[in-house]
Amino acid sequence: MTLEIDCTRFANLAITAHEDGVWVVTLNRPAKRNALDSHMIEELVEFFSTAPRAGIRAIVLAANGDHFCAGLDLVEHHQADRSPAEFMHLCMRWHEAFNKMEYGGVPVIAALKGAVVGGGLELASAAHIRVMDQTTYFALPEGQRGLFTGGGATIRVTDLIGKSRVIDMMLTGRVYQGQEAVDLGLAQYITEGSSLERAMELARKAAQNLPLSNFAICSAVSHMQNMSALDAAYAEAVVAGVVNTQPDARARLAAFADKSAARVRPNN
């Protein structure tokens, strides 16, 4: 059964559905540089919990204003004066939102610009593909704020760039941008123009794949990274057994066999 998403329920996210199955989810707190408060996190949990069952074929995660996301809303955090237990539970909701993105099975392409800082980098790292423009910069300034990451930087960002670089970023406030950020793995694409336009191109390309194939690519790979090599090999074989025999793939395989399908060619 396909679920319906009521886009009017969201105050901190602007959501647009396109006819090709690509949805754009826009962080919508530009006056706060799209800082993540508890309400926005709850909306992310709600949307990404429903997305896999709503017939969505790909999601572009974008942002209003000049910045993608400046991280935890420090003003809200300061005013809330939370107890350790309260903040622990808030962090668990962050993990819930980001895990729904990474493991949900729907391709998520992040269109980055301006600040991708602290929790904003944790959010971006949960996307499957990240596109940055020339204004984008990455930082983990927790050390300077008297804080520690609570939304998965020690997991996902470390997977992207390595333990030593994450520690360096947190200790010294080091900022990465430009081609260096791509070379390190913080983003896969850098564009001279709009990161949103490039992200939409990639999302539309991914949306043409069979949903079951995309589900496996966007969930199984992450799960297998959490397994031993022996368990991952077994899991990969099981997933391949299901995906590679799906009835919907027969026409695509027939097109390859009769040479009517597009062939893989080197880049120009």
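Residues numbered from 1 in each chain as written. Predicted model: local features only at pLDDT ≥ 70, side-chain atom pairs only at ≥ 80, totals over all residues. Heavy atoms only, no water.

Visitor: Even after reading the chapter, I still don't get the overall build of the protein chain, so can you show me in this structure?
Guide: Per the secondary structure count, the protein chain includes 12 helices and 9 strands. By the compact-globule yardstick of 18 Å for 268 residues, the protein chain fits well, its C-alpha radius of gyration being 19 Å. Within the protein chain, the fraction of its 268 residues that count as buried is 46%. Sequence separation of 24 or more characterises 71% of the internal contacts of the protein chain that already satisfy a separation of 6 or more. Carbon and sulfur atoms make up 54% of the accessible area of the protein chain, which totals about 14,200 Å². Computed over 24 positive and 29 negative side-chain charges, the separation of the two mean positions in the protein chain equals 6 Å. (Helix = DSSP H or I, 4+ residues; strand = E, 2+ residues; numbered from the N terminus. Rg over C-alpha atoms; globule rule 2.2 N^0.38 Å. Buried < 20%, exposed > 50% of the residue type's maximum accessible area, 1.4 Å probe, protein only. Contact = heavy atoms within 4.5 Å. Areas by Shrake-Rupley, 256 points an atom, 1.4 Å probe, with all protein chains shown as cover. Lys, Arg positive; Asp, Glu negative; His and termini not counted. Charge placed at Lys NZ, Arg CZ, Asp CG, Glu CD.)

Visitor: Looking at this model, I keep getting lost on the sheet that holds strand E5 (residues 115–117). Mind explaining?
Guide: The pairing of strands in a sheet happens through backbone hydrogen bonds and is either parallel or antiparallel. Sheet architecture is open: 3 strands sit in the order E5-E7-E8, paired in mixed fashion. Here the strands that pair on one side only, and so sit at the sheet edges, are E5 and strand E8 (176–177). (Pairing = 2+ DSSP bridges.)

Visitor: How should I be thinking about a nonpolar patch on the surface in this particular structure?
Guide: A cluster of nonpolar side chains, contributed by Leu212, Phe215, Tyr234, Val238 and Val242, occupies part of the molecular surface with about 480 Å² of accessible area. Elements supplying a minimum of two residues to the nonpolar patch: helix H10 (211–225) and helix H11 (229–243). Ranked by the residues each element gives to the nonpolar patch, the list is headed by H11, at 3 residues. Structurally, Phe215 can be placed in helix H10. (Patch = residues over 30% accessible without salt bridge, like charges linked within 9 Å, V, L, I, M, F, W, Y side chains within 5 Å. Salt bridge = Lys/Arg side-chain N within 4 Å of Asp/Glu carboxyl O.)

Visitor: How should the nonpolar core be read in this particular structure?
Guide: Within soluble globular proteins, side chains that are nonpolar tend to cluster in buried spots. Formed by 53 residues in total, the largest nonpolar core has its most connected members in Phe47 and Phe68. Sorting elements by how many residues they give to this core places helix H1 (residues 38–50) first, with 6 residues. (Core = buried A, V, L, I, M, F, W, Y, C linked by side-chain atoms within 4.5 Å.)

Visitor: Mind showing me how you'd approach the sheet that holds strand E3 (residues 58–63) here?
Guide: Strand order in the open sheet made by the 6 strands is E1-E2-E3-E4-E6-E9, with mixed pairing throughout. The open sheet has two edge strands, strand E1 (13–17) and strand E9 (189–190), and neither has a second partner. Note: strand E6 (residues 129–132) against E9, 2 bridges, orientation parallel. Across the sheet, residue Met132 finds its bridge partner in E9, namely Ile190.

Visitor: How do you make sense of the packing of H10 against H11 when you look at a structure like this?
Guide: For any two helices packed against each other, one specifies the crossing angle of their axes together with the interaxial distance. Across the interface, H10 lies against H11 with an axial gap of 11 Å and an inter-helix angle of 175°. Overall, the two elements H10 and H11 adopt an arrangement that is roughly antiparallel. Touching Leu212, Ser213, Ala216, Ala220 and Met224 of H10 are Ala232, Ala235, Glu236, Val239, Val242 and Val243, all from H11. A class-by-class count of the residues in the contact of H10 with H11 yields 9 nonpolar, 1 polar and 1 charged. (Axes fitted to C-alpha atoms, helices over the stretch in contact; angles between N-to-C directions. Parallel < 35°, antiparallel > 145°, perpendicular 65-115°, else oblique. Nonpolar A, V, L, I, M, F, W, Y, C, P; charged D, E, K, R; others polar.)

Just distances and angles here, no functional claims.
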